[in-house]
Amino acid sequence: MAKPELTETGDLRHFIGVEGLSKAQLMAIIEKANGYLTDNAGRPNSIRNSDELEGCTVMNLFFENSTRTRTTFDVAAKRLGASVISIDIAKSSTQKGESLRDTLWNLEAMTADIFVVRHSSSGAAHFMATEVTPNIAIINGGDGWHAHPTQAMLDMLTIYREAPRPFEELTVAIIGDIKHSRVARSDIAALKTLGVKEIRVVAPKTLLPKGIERYGVSVYNDLDAAVVGCDVIIGLRIQNERIGSPLLPSTSEYFKAYGITTERLALAKPDALVMHPGPMNRGVEISSTVADGEQSVILKQVNNGIAVRMAVLALAMQGQRAARSAS
């Protein structure tokens, strides 16, 4: 299947990446997620429950460590009324030599409806959706260096809700380890599809992938110049576990050149948003003053992540049901 994510009518049945999805399809996810967010007893960004996945079983298959993504998927599925099973991969039969294919088929036989998967290998979610369990809704919770689509969509929801101007009028700067970041790849793809005016990527040359310009972004090595006039600033974590060799002289030198500070934030527009996918390294990528400041929407991103993952789970299950009925 050229687009395994979609049914014949263009609805989601898996969520593997944002690349190839239309603006209308991304906006459908944003609007669905936005519908779960509500003010409740004076608490901003409360999330309403739904019974859309009542009777369904969601299995979390995390082959890489995770806190935010795994927890928010767990919360999202339960808020939709699903039963949630988290598989301890370290104690699973894959550690005894069983192939990933056989493990998935056994889990499918246990009446799973949705697999949420994080894997160190790029393309693992696509492989599952096309070659192994196409009738189980596959949700990509991050695969290698390739993609982190639900993080991108929670970022888009946060911008949609918090930015004072529409996507088409925004200038967005993404700062940090672009080369090793699946978040950067997915954010860039989503921002391009949603029609953002300008996307700036900012990093030392050692942390920029070759040919990044072909994705239609403006490349900066000077952070002070890059943030001038920006509406949104997205900091990225240094991916030490993926780098494999020293690419930076020191974390203190990196902070001097590329840390998001109060002084640098002042160069952006007065109402600019500050975002970070987490986990944050304070004093390396961002100062505590900025991270905890009035322009930071970092904790709102976490809350919005629950709503986005609810939307993706519900839409993918709806698409799977439609595909089963059609066949």
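What comes next concerns the included structure. For clarity, every value in this text was computed on a predicted model and none was experimentally measured.

With that settled, the discussion passes to the overall build of the protein chain. Per the secondary structure count, the protein chain includes twelve helices and eleven strands. Radius of gyration (C-alpha) of the protein chain: 20 Å, near the 20 Å computed for a compact globule of 327 residues. When the backbone C-alpha atoms are referred to their principal axes, the protein chain occupies close to 55 × 45 × 35 Å. In the protein chain, buried positions account for 53% of the 327 residues. Contacts in the protein chain between residues far apart in sequence, at least 24 positions, make up 74% of those at least 6 positions apart. By element, 50% of the accessible surface of the protein chain is carried by carbon and sulfur atoms, the whole surface being about 14,000 Å². The centroid of the 35 positive side-chain charges in the protein chain is displaced by 2 Å from the centroid of its 36 negative side-chain charges.

Our next topic: the environment of Glu 285. Residue position: Glu 285 is located in the loop between strand S11 (273-275) and helix H11 (288-291). For Glu 285, the contacting residues outside a window of four places in its chain are Leu 236, Arg 237, Ile 238, Tyr 254, Phe 255, Tyr 258, Gly 259, Ile 260, His 276, Pro 279 and Met 280. Only 3.0 Å separates the side chain of Glu 285 from the backbone nitrogen of Ile 238, close enough to count as a polar contact. A polar atom in the side chain of Glu 285 sits 2.7 Å from the side chain of Asn 281.

For helix H3 (residues 100-109), the set of buried residues is Thr 103, Leu 104 and Leu 107. Take H3 and look down its axis: the buried residues cluster within an arc of 95°, on one side only. Packed against the buried residues of H3 are strand S3 (57-62), strand S4 (83-87), strand S5 (114-119) and helix H4 (124-132). The first or second residue beyond H3 is Thr 111, which carries a positive phi of 65°.

Contact pair helix H1 (residues 23-36) / helix H5 (residues 149-162): the axes reach a minimum separation of 10 Å and the direction vectors enclose 70°. For the element pair H1 / H5, the angle class is roughly perpendicular. Helix-helix and strand crossings are classified by hand; for H1 and H5 the assignment is right-handed. In this structure, H1 uses Leu 26, Met 27, Ile 29, Ile 30, Glu 31, Ala 33 and Asn 34 to contact H5, whose residues at the interface are Met 153, Met 156, Leu 157, Tyr 160 and Arg 161. Residues that form the contact of H1 with H5 fall into these classes: nine nonpolar, one polar and two charged.

Cut-offs used in this document
- Residues numbered from 1 in each chain as written.
- Predicted model: local features only at pLDDT ≥ 70, side-chain atom pairs only at ≥ 80, totals over all residues.
- Heavy atoms only, no water.
- Helix = DSSP H or I, 4+ residues; strand = E, 2+ residues; numbered from the N terminus.
- Rg over C-alpha atoms; globule rule 2.2 N^0.38 Å.
- Buried < 20%, exposed > 50% of the residue type's maximum accessible area, 1.4 Å probe, protein only.
- Contact = heavy atoms within 4.5 Å.
- Areas by Shrake-Rupley, 256 points an atom, 1.4 Å probe, with all protein chains shown as cover.
- Lys, Arg positive; Asp, Glu negative; His and termini not counted.
- Charge placed at Lys NZ, Arg CZ, Asp CG, Glu CD.
- Polar contact = N/O pair within 3.5 Å; in protein donor to acceptor, adjacent residues only side chain to side chain.
- Arc of directions from axis to C-beta.
- Axes fitted to C-alpha atoms, helices over the stretch in contact; angles between N-to-C directions.
- Parallel < 35°, antiparallel > 145°, perpendicular 65-115°, else oblique.
- Left-handed = near helix turned anticlockwise from the far one by under 90°.
- Nonpolar A, V, L, I, M, F, W, Y, C, P; charged D, E, K, R; others polar.

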